[in-house]
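# Report on the structure
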Amino acid sequence: MTSPEHGANHTPEEEEEDDYMNMTFGEELKTTETSLQRRQRLKREGEIKGRVKSKAEQAAEEKAAREEALSQSLLESARAKKSKGFAMMAKMGFKAGAALGSKDNADARLEPIRPEMKEDRGGIGLDSERKRKLNEAAAQSEKKLKVDETEFRDRVRREREQARLERQFYAGMKVCERMDEEKQGNPTQGTSEDESEEPPKKKRTLSTRPLKSIPVIWRGLVRSREEAERDRRMRHDLEQSSTRLPTYVDDLEDEDDKKAMGKIKTAYVPVEDLEEEDPELEEFNALEVDERLRRLVEYLRKEHNYCFWCKCSYPDETMEGCPGLTEEDHD
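Cut-offs applied
Residues numbered from 1 in each chain as written. Predicted model: local features only at pLDDT ≥ 70, side-chain atom pairs only at ≥ 80, totals over all residues. Heavy atoms only, no water. Helix = DSSP H or I, 4+ residues; strand = E, 2+ residues; numbered from the N terminus. Buried < 20%, exposed > 50% of the residue type's maximum accessible area, 1.4 Å probe, protein only. Contact = heavy atoms within 4.5 Å. Areas by Shrake-Rupley, 256 points an atom, 1.4 Å probe, with all protein chains shown as cover. 1 Å grid on protein atoms, 1.4 Å probe; cavity = no way out; pocket = protein on both sides within 12 Å on 5 of 7 lines; lining within 4 Å. Points joined across faces, edges and corners; volume = space filled by probe spheres on them. Nonpolar A, V, L, I, M, F, W, Y, C, P; charged D, E, K, R; others polar. Salt bridge = Lys/Arg side-chain N within 4 Å of Asp/Glu carboxyl O. Phe/Tyr/Trp six-rings, centres within 6.5 Å; stacked < 30°, edge-to-face > 60°. Core = buried A, V, L, I, M, F, W, Y, C linked by side-chain atoms within 4.5 Å. pLDDT = per-residue confidence, 0-100. Expected span 1.5 Å × (residues − 1). Disulfide = S-S within 2.5 Å. Patch = residues over 30% accessible without salt bridge, like charges linked within 9 Å, V, L, I, M, F, W, Y side chains within 5 Å. Lys, Arg positive; Asp, Glu negative; His and termini not counted. Charge placed at Lys NZ, Arg CZ, Asp CG, Glu CD.

### Considerations on the overall build of the protein
Regarding its fold elements, the protein presents twelve helices and two strands. When its helices and strands are written in sequence order, the protein yields α-α-α-α-α-α-α-α-α-α-α-α-β-β. Here the protein holds 331 residues, and 16% of them are scored as buried. Summarising the internal contacts of the protein: among those between residues at least 6 apart in sequence, 54% fall at separations of at least 24. Accessible surface, the protein: about 28,900 Å² in total, of which carbon and sulfur atoms supply 52%.

In structure tokens form, the structure reads like this:
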């Protein structure tokens, strides 16, 4: 057996032996940064620091910093408590978060007026003027939206009625033209004639009569037709003159040969007073369409014993069997 003295005496080598019970396994070794990795890291950091921020990013950062500063109360900061002015106000009874002045003033401000940054170069009163104009525009748009539906329907109804009367007046002018020409060509007319049994229509030819000799009731129809034909011929002649090629002229051709070949052109002679002003027609066209239609109906009844609404002629002026002068009478 060993003596106690021998057991108490331990060598330093024995005390420095590893304690295998307290050792840990699986620890990751610290990796050292290589020169290439360090160079790449410094390059990325330099690019981030050297990148110039855009104006939008700078404005956003300035706005965020300004909002952060304005959200903090100057009276609650440590710097404000060391201020002599704040100490003097505290002696007079002021407390942080309370309003200035009398305690009875309930509408007093608890916070100072927030500053507003001006980002444009306009004057001080320009913003209020813009707000006023925007408010007026919004009010006008609201008024337009509140238009009565009945007013819109009445307007559409009137427009459709005007268009219908215009179509009736145009058809009445064609009836007047046809019946006037038949009356001049055949003085004696039949006693009764239905419009659906009229002879086959022929192609309408241009008028050779002076316009002022035509009744004003249907003079506008002839005038518009003559003006359209004049404009058409002018455009045709202009196109032919710009694209005309030199042609061969045969001296041995006579009039029959030229006529057979279609080389003889019929000269277009416009109505002599087409270019003249017609105050009577202008005054008639200035009337309302219902008044023009009423005069046209009366003209047909007086000159031809013809009812525009019945679509038939009567043997005498009494026009027995016709309900009346207006369209409502024929309903």
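### Description of the layout of surface pockets
Put simply, the second largest pocket is a space of about 620 Å³. What lines the second largest pocket is a set of 22 residues, and nearest its centre among them are S73, L74, L110, E111 and P112. If one sorts the elements of the lining of the second largest pocket by residue count, helix α4 (residues 55-71) sits on top with three residues. When its residues are assigned to classes, the lining of the second largest pocket shows 14 nonpolar, four polar and four charged.

### Focus on unusual backbone geometry
Apart from glycine, the bulk of residues carry a negative phi angle, and the bulk of peptide bonds sit in the trans form. The backbone of N305 sits at a positive phi, close to 50°, despite the residue not being glycine. Assignment of secondary structure puts N305 in the loop between α12 (289-304) and β1 (306-307). We note that M319 has phi near 50°; this positive angle belongs to a residue other than glycine.

### A closer look at the pattern of salt bridges
All chains considered together, the criterion is met by 22 salt bridges. Put simply, E45 and R41 hold a salt bridge, and the shortest N to O gap is 3.4 Å. One end of the pair is E45 and the other is R41, both in helix α3 (residues 35-50) and four residues apart, which spans about a single turn. The salt bridge involving R232 is made with E229; its shortest N-O contact spans 2.7 Å. One end of the pair, R232, and the other, E229, are both in helix α9 (residues 216-242), three residues apart, so they sit about a helical turn from each other.

### Comments concerning the side chain of R223
Tracing the sequence through the fold places R223 in helix α9. You can call R223 buried: its relative accessible area is 14%. Residues in contact with R223, not counting those within four places in the same chain, are L211, D273, L274, E276, D278 and L281.

### Overview of the packing of aromatic side chains
All chains considered together, the criterion is met by two aromatic pairs. For the pair F169 and F284, a centre-to-centre distance of 6.1 Å together with 40° between the ring planes defines the contact as tilted. Highlighted residues: F169 in helix α8 (residues 149-185) and F284 in helix α11 (residues 279-285), separated in sequence by 115 residues. The exposure class of F169 is buried, given its relative accessible area of 4%. Under the relative-accessibility criterion, F284 is labelled buried at 5%.

### Observations concerning the nonpolar core
Counting 31 residues, the largest nonpolar core has C176, I217, W218, L296 and L300 as its most contacted members. Elements with a minimum of two residues in this core: α8, α9, α11, α12 and β1. Setting aside residues no more than four positions away along its own chain, I217 makes contact with F169, M173, C176, F284, R295, L296 and Y299.

### Comments concerning the confidence of the model for the protein
Here the protein averages 77 in pLDDT, and 77% of its residues register 70 or above. Low pLDDT, under 50, characterises residues 186-197; the stretch is placed with 15 contacts to residues that sit more than four places away or in other chains.

### Side note on α12
With 16 residues, α12 should cover 22 Å at 1.5 Å per step; its first-to-last C-alpha distance of 22 Å lies within 8% of that length. Of the residues making up α12, those classed as buried are V289, R292, L293, L296, V297, Y299, L300, R301 and H304. Directly beyond the C-terminal end of α12, a positive phi value near 50° is found at N305.

### Section: the side chain of R219
Note that R219 resides in helix α9. Contacts of R219, omitting those with residues within four sequence positions, involve L211, K212, I214, D278, E280 and L281.

### Considering the state of the cysteines
Summed over all chains, the structure comprises zero disulfides. This cysteine, C307, is not joined by any disulfide, and C310 carries the nearest cysteine sulfur, 3.4 Å off.

### Details of the environment of E275
Mapped onto the fold, E275 is located in the loop between α10 (255-261) and α11. The class of E275 is exposed, set by a relative accessible area of 60%. For the pair formed by E275 and E227, sequence separation is 48 residues and the distance between their alpha carbons is 9.3 Å.

### A closer look at a negative patch on the surface
A cluster of acidic residues, D254, E255, D256 and D257, forms a negative patch at the surface. Along the chain, E255 falls in helix α10. Residue classification places E255 among the exposed residues on the basis of a relative accessible area of 55%.

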